[in-house]
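Each chain, letter by letter, is given below.
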Amino acid sequence: MTLSVDISHRLGDFAIDANFESAGRLTALFGPSGSGKSTLINLIAGLIRPQKGRIAVDGRVLVDTAAGIFVPMHKRRIGMVFQDARLFPHMSVAGNLRYGRWFTPVAERYASMDAVVELLGIGPLLDRRPAKLSGGEKQRVAVGRALLASPKLLLMDEPLASLDEARKAEILPYIERLRDETKIPIAYVSHSVAEVARLASDVAVLSQGKIAAFGPTEVIMQRLDLLPAEERGEGGAVLDTRVLRHDEAFGMTVLGSPAGEIRVPRLPRPAGAVVRLRIRARDVMIATEQPVGFSALNILPGTIAAVRPGVGPTVEIAIDCNGATVLARITEQSKQSLRLAPGREVFAVIKTVSFDSATTGAALPVEADG
Amino acid sequence: MNWLLDLTPDEWNAVRLSIKVATVAMIASLPPGILIALLLARGRFWGKTLLNGLVHLPLILPPVVTGYLLLLTFGRRGPAGAFLAEHFGLVFSFRWTGAALACGVMGFPLMVRAIRLSIEAVDRKMEAAAGTLGANPVWVFATITLPLILPGLIAGAILSFAKAMGEFGATITFVSNIPNETQTLPSAIYTFTQVPGGDPGALRLTLISIVISMVALVASEVLARRIGQRMDIE
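Residues numbered from 1 in each chain as written. Chains lettered and ligands numbered in written order. Predicted model: local features only at pLDDT ≥ 70, side-chain atom pairs only at ≥ 80, totals over all residues.

*Asks:* Talk me through the interface of chain B and chain A; I want residue IDs and the actual numbers.
*Replies:* Accessible area lost on assembly of the parts is the figure often given for the size of an interface. Counting residues at the interface gives 18 residues for chain B and 21 residues for chain A. For the side of chain B that touches chain A, the class distribution of residues is ten nonpolar, four polar and four charged. (Contact = placed C-beta atoms within 7 Å. Nonpolar A, V, L, I, M, F, W, Y, C, P; charged D, E, K, R; others polar.)

Structural data, given as structure tokens:
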């Protein structure tokens, strides 16, 4: 699937000018509030008609102002999950779920009620009214409702933004399952590095209505300069790792990665499970020799690949650890006193306790309900 | 106490006629009422203020004036009246249908107001959500907007019904006061008060009108509460 967008649209003082093409499983539209993410997703859904441009999904043109094409939203077959869920208050959960099915041509219905209910763990909620659901439950039902319309593309507009941390942790595993177990491509709007790093395959960074950068998640998350100031500390390397074993005596989990073994606090995941690990650049220390008598457990040997000036008195140092890049954010002073430069062999040092649920994706196991 | 319950055939006819007139006026007003309320709540067009004023006119004008205007337009020789009689066989003047028309027109502003308020209270984001799920605008209206405005619709319908039960001035001006044809409850009560010894009849019909109004009001309350519970809007 490819989503191609080439749009310019003006709303009062605000102009959006976006051009990108994504073939990813889950494309994040990432940026601070007011950067135009939601406008962009509303343009794709057909809630707003662009002044100029073209949007196509898999070659099917949805908008082409030059050719005079505008497919109305109800004919786009694009599912949408809103930040505020927007469940219909006069229908039960089951009624909400079934709503989109009516309007889907029988031949194009691929989503089955049972499979979606199972995927999202919403079986016990079916007879309830939306007003009786928690915020997290509402969002899961909203996702299910969009899925049951058998969409060709699923748009999610900050689906977790109005939820507290516990509710977010409850829903994230379901979105991961959605990404991995269904074939529906997803465009996901978010301003949170934690969500994007965990979920996205590709990231389009929006800034003041323009696409500031577009690329694979591992690459974009290391470009600290692209992240909004309040989220910059969350940036860093994103590694796909695998659970090797658990160290029950010390309450740790050992993850295998190309860079070497990484010890993190105990994760509720079975051995062999894939864990997308984010290593915050600010959590990485650099040693020029193998540290001895040092409390940090993760010491990854590597070679400095690049040294870039950072924001303020900092530098960003990319360390190539056996093919995986680990990013460190240190002071200019440390860089000079250690004489760090590209090509130098160093050790990236990361404390186990610097990993938390936001960086290890250690949410509740998928079986958990409620 | 027997005189209270023993209605004469003419009195029964007045009760039946009033209920028929009010019911027809209410049902016939609903479709145009919804349409006009939608236009006023959502439409952006030239002359919206004018339309709003026109709809509210019967509320402000003396009922006699409204009745006379109806007589001029829908009477036998009025432009609309002649056209409808010739092409559809629909005659208003001095018929119960004319009473229903007069009552409908008099209750129309009340109905439109109630429906319009409830349409303005509908969260349009819900409609957008239905659109993304594949519902075209007509389906969105039928499955989302209409159920969400149901309480307002019921309130508007009851107001229109109650107004029709009590309408007097426009009705008597337009279709006169003919027993068994256009003599509704208020007209019958008025007639009783004009003849010697008519007091018991007037009192009987007055009590009946109170009962009908109370039943309509209570029914609408119960209905609205039940819908509110079903929707659980907190």
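*Asks:* Can you explain the packing of helix H3 (residues 48-60) of chain B against helix H6 (residues 96-120) of chain B? Please cite residues and give values.
*Replies:* Residue and element names in this part refer to chain B. Running from N to C, H3 and H6 cross one another at 120 degrees; their axes reach a closest spacing of 8 Å. As summarised for this structure, H3 and H6 are arranged oblique, according to the angle between their axes. Viewed along their axes, H3 and H6 form a crossing whose handedness is left-handed. When H3 is examined against H6, the residues Val55, His56, Pro58 and Leu59 are found in contact with a partner set consisting of Val105, Met106, Phe108, Pro109 and Val112. Residue composition of the contact of H3 with H6, by class: eight nonpolar, one polar and no charged. (Axes fitted to C-alpha atoms, helices over the stretch in contact; angles between N-to-C directions. Helix = DSSP H or I, 4+ residues; strand = E, 2+ residues; numbered from the N terminus. Parallel < 35°, antiparallel > 145°, perpendicular 65-115°, else oblique. Left-handed = near helix turned anticlockwise from the far one by under 90°.)

*Asks:* Account for the sheet that holds strand E19 (residues 324-331) of chain A, with residues named and values stated.
*Replies:* Through backbone hydrogen bonds, the strands of a sheet pair up, either in parallel or in antiparallel fashion. Residues and elements named next belong to chain A. The five strands lie next to each other as E16-E20-E17-E18-E19, forming an open sheet whose pairing is antiparallel. Edge strands, defined here as strands with exactly one partner in the open sheet, are strand E16 (284-287) and E19. The mean inter-strand angle of the sheet, taken between neighbouring strand axes irrespective of direction, is 45 degrees. Where E16 and strand E20 (residues 345-350) come together, four bridges link them in antiparallel fashion. Directly across from Met285, in E20, lies its bridge partner Val349. (Pairing = 2+ DSSP bridges.)

*Asks:* So what's going on with the domain arrangement of chain A? Which residues, and what values?
*Replies:* Residue and element names in this part refer to chain A. By domain assignment, chain A separates into domain 1 (3-220) and domain 2 (238-360). The straight-line distance from the C-alpha centre of domain 1 to that of domain 2 is 33 Å. The partner domain 2 presents five residues to the six residues of domain 1 that form the contact. At three residues, the largest contribution of residues to the side of domain 1 that touches domain 2 is made by helix H6 (residues 193-199). Residues that form the side of domain 1 that touches domain 2 fall into these classes: three nonpolar, one polar and two charged. (Domains from an automatic or database assignment.)

*Asks:* Quick one: what's the story with the confidence of the model for chain B, residue by residue and with numbers?
*Replies:* Considering every residue of chain B, the mean pLDDT works out to 89; 95% of them sit at 70 or more. In the predicted assembly, ipTM is 0.80 and pTM is 0.82. (pLDDT = per-residue confidence, 0-100.)

*Asks:* Give me the lowdown on helix H4 (residues 135-147) of chain A, citing residues and values where you can.
*Replies:* Residues and elements named next belong to chain A. With 13 residues, H4 extends 19 Å between its outermost C-alpha atoms, agreeing within 8% with the 18 Å of an ideal straight helix rising 1.5 Å per residue. The buried count for H4 comes to eleven of 13 residues, which makes it a mostly enclosed element. Within H4, the full set of buried residues consists of Glu137, Lys138, Gln139, Arg140, Val141, Ala142, Val143, Gly144, Arg145, Ala146 and Leu147. For H4, the secondary structure elements touched by its buried residues are strand E7 (78-81), helix H2 (93-102), helix H3 (113-120), strand E8 (153-157) and helix H5 (165-181). (Expected span 1.5 Å × (residues − 1). Buried ≥ 20, exposed ≤ 12 C-beta atoms within 10 Å, placed from the backbone.)

*Asks:* Describe the sheet that holds strand E14 (residues 260-265) of chain A, naming the residues involved and giving the relevant values.
*Replies:* Residues and elements named next belong to chain A. Ordered in space as E14-E13-E12-E15, the four strands form an open sheet in which the pairing is antiparallel. Edge strands, defined here as strands with exactly one partner in the open sheet, are E14 and strand E15 (274-280). Here the average twist between neighbouring strands, direction ignored, is 45 degrees. Taken together, the six bridges between strand E13 (residues 252-257) and E14 define a ladder with antiparallel strand orientation. Paired with Val254 across the two strands is Arg263, which belongs to E14.

*Asks:* Mind laying out unusual backbone geometry, listing which residues take part and the relevant values?
*Replies:* All names here are of chain A. Even without being glycine, Asp58 reaches a positive phi, approximately 55 degrees. The topology assignment puts Asp58 in the loop between strand E4 (52-57) and strand E5 (60-64). C-beta crowding within 10 Å serves as the criterion here: with 12 such atoms nearby, Asp58 is assigned to the exposed category. The residue Arg339 is not glycine, and still its phi comes out positive at about 50 degrees. Note that Arg339 resides in the loop between helix H8 (332-338) and E20. Judged by local crowding, Arg339 falls into the exposed class, with 8 C-beta atoms found within 10 Å.

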